[in-house]
Amino acid sequence: MVKRFFVRTKALKNGMKIDQKIVDKTGRTLIARNTVLDDFLISSLSRLGVPGIYIREGEEEPEDELISLQAKENIEKLKVEDRAKVNLSESVRKRVAEGIQYLYHNTSDESFTDAAKNITGDLMKAITDNDAIAVDISVLKVSDEYTFKHSVDVATMAMIIARKHGLNQNEVRDIGVSGLLHDVGKSKIPNKVLNKPGRLTDKEFELMKQHSLFGYGILKEKDNISGAISLGVLQHHEKINGNGYPLGLSAEKINLYAKILSVADIYDALVTERPYKKAFSQRDAIEMIMSMTGELDIAIMKSFLGSVILYPVGCTVQLSNGERAKVVENNVDYILRPKVVGIKTGKVYNLAEDLNCANIIIL
């Protein structure tokens, strides 16, 4: 049985499930309905001045009761846990959130470089502590403000992609710094352009496209910021076919860090809701990335696809044949087509390898 009731923000507790969507004044979703609250989100609600929210107890659909005995047996027998994923603790999220805001507001401070490396160190530790080789974008949340959240998401994904691609520890750390700072040039863009809720004019877009040049200008003057880090920031909007910006470079002239950042940047932008666009689903974003073979480095794209968990083991999906199913195993080479078990029938669908499943997709 489901119970829905209003709770004042100061009375919220860890583990409560929100039964409404929290949006900002532009209509952008800050906290999605059904999100389980933690201290970070509760403090964010308080900072936003939200007096209280609706909470839900109980489940709308007692799914466990719908799972057949055969399905339960097959799920238990076939379940293979996902690869280790990045896990940011609450204390790390808080430090990173405060640190990234400091960086973007204090670009001329003499401790800028040390601060950037300290934040990257926190992310690096979160990755290496559990030997994380995958990332679930839905669990990365460090700030309510898009630029800061986006920078941390891109840095984290880029570091995971870099590990998958075979870069060494120092290179992974450096690409983390480059990812954190890839949009630092936006600190030089007027807020009325940066936060404009509608489509930019041609003139405004041309100004926005200068942010990578502005960022490079900030970093090239810094001590202990390598040329590779700065070039990653400068070139992260370049495309291998030469149609990117700001310099229109072709594949062989684009820095490796920039090629990695480009994939992470595009993916995170696609799955994030903004005032002027709806978020794409993770599946649609993956398919769009896969279609960009003329713009993104193929080898980097493969490392990215091998680093993302789209359907975590244990989640429920809807199949195109009408059946709901539980994911029991992911296939790193075919992330859109995991092995699943039908909830009612107990039937096993090996979407990646069974030809009888060729015409079945996850909706």
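Look up a bit, the structure's there.
Residues numbered from 1 in each chain as written. Predicted model: local features only at pLDDT ≥ 70, side-chain atom pairs only at ≥ 80, totals over all residues. Heavy atoms only, no water.

## Brief notes about the sheet that holds strand β9 (residues 348-350)
Point 1. Ordered in space as β6-β7-β8-β9, the four strands form an open sheet in which the pairing is antiparallel. Of all strands in the sheet, those with a lone pairing partner are β6 (316-318) and β9, marking the two edges. Averaged over all pairs of adjacent strands, the angle between strand axes in this sheet comes to 40 degrees, irrespective of strand direction.
Point 2. In this structure, strand β7 (residues 324-329) lies alongside strand β8 (residues 339-342), joined through four bridges in antiparallel fashion. Residue E329 lies in a different strand from β8, and its bridge partner there is K339.
Point 3. Most of the contacts of helix α3 (residues 69-78) go to β8, to which it runs at about 160 degrees, and overall it touches β7, β8 and β9. (Pairing = 2+ DSSP bridges. Helix = DSSP H or I, 4+ residues; strand = E, 2+ residues; numbered from the N terminus. Axes fitted to C-alpha atoms, helices over the stretch in contact; angles between N-to-C directions. Contact = heavy atoms within 4.5 Å.)

## Structural notes on the packing of aromatic side chains
Between two aromatic rings, the relevant description is the distance of the centres plus the angle of the planes.
Point 1. On inspection of all chains with the given rule, the structure shows two aromatic pairs.
Point 2. With centroids separated by 5.4 Å and ring planes inclined at 70 degrees, the aromatic side chains of F6 and Y54 adopt a geometry described as edge-to-face. Of this pair, F6 sits in strand β1 (residues 3-8) while Y54 sits in strand β5 (residues 52-57), and the two are 48 residues apart along the sequence.
Point 3. Accessibility expressed as a relative area gives 43% for F6, which makes it partly exposed.
Point 4. Positioned above the aromatic ring of F112 is the side chain of K222, whose terminal nitrogen or guanidinium carbon lies 4.7 Å from the ring centre. (Phe/Tyr/Trp six-rings, centres within 6.5 Å; stacked < 30°, edge-to-face > 60°. Buried < 20%, exposed > 50% of the residue type's maximum accessible area, 1.4 Å probe, protein only. Lys NZ or Arg CZ within 6 Å of the ring centre and 35° of its normal.)

## Looking at the packing of helix α13 (residues 282-290) against helix α14 (residues 298-305)
Point 1. Look at α13 against α14: their axes get within 11 Å of each other, and the N-to-C directions meet at 160 degrees. The angle between α13 and α14 falls in the class roughly antiparallel. Two packed elements cross with a definite hand, and for α13 against α14 that hand is left-handed. Of the residues in α14, those in contact with I286, I289 and M290 of α13 are M301, F304 and L305.
Point 2. Among the residues making up the contact of α13 with α14, the classes are represented as six nonpolar, no polar and no charged. (Parallel < 35°, antiparallel > 145°, perpendicular 65-115°, else oblique. Left-handed = near helix turned anticlockwise from the far one by under 90°. Nonpolar A, V, L, I, M, F, W, Y, C, P; charged D, E, K, R; others polar.)

## So, the sheet that holds strand β2 (residues 17-18)
Point 1. The three strands lie next to each other as β1-β5-β2, forming an open sheet whose pairing is antiparallel. Where the open sheet ends on each side, the last strands, each with one partner, are β1 and β2.
Point 2. In this structure, β2 lies alongside β5, joined through two bridges in antiparallel fashion. Paired with K17 across the bridge in β5 is R56.

## A few points about the environment of I240
Point 1. Residue position: I240 is located in the loop between α11 (227-235) and α12 (256-271).
Point 2. Once residues lying within four places of it in the same chain are set aside, the contact partners of I240 are S250, A251, I254, T293, G294, E295, L296 and D297.

## A few points about the pattern of salt bridges
Point 1. Taken as a whole and assessed by the stated rule, the structure comprises 10 salt bridges.
Point 2. With a shortest N-O distance of 2.8 Å, D129 and K125 are connected by a salt bridge. Here K125 and D129 lie together in helix α5 (residues 112-129), a separation of four residues that amounts to about one turn. (Salt bridge = Lys/Arg side-chain N within 4 Å of Asp/Glu carboxyl O.)

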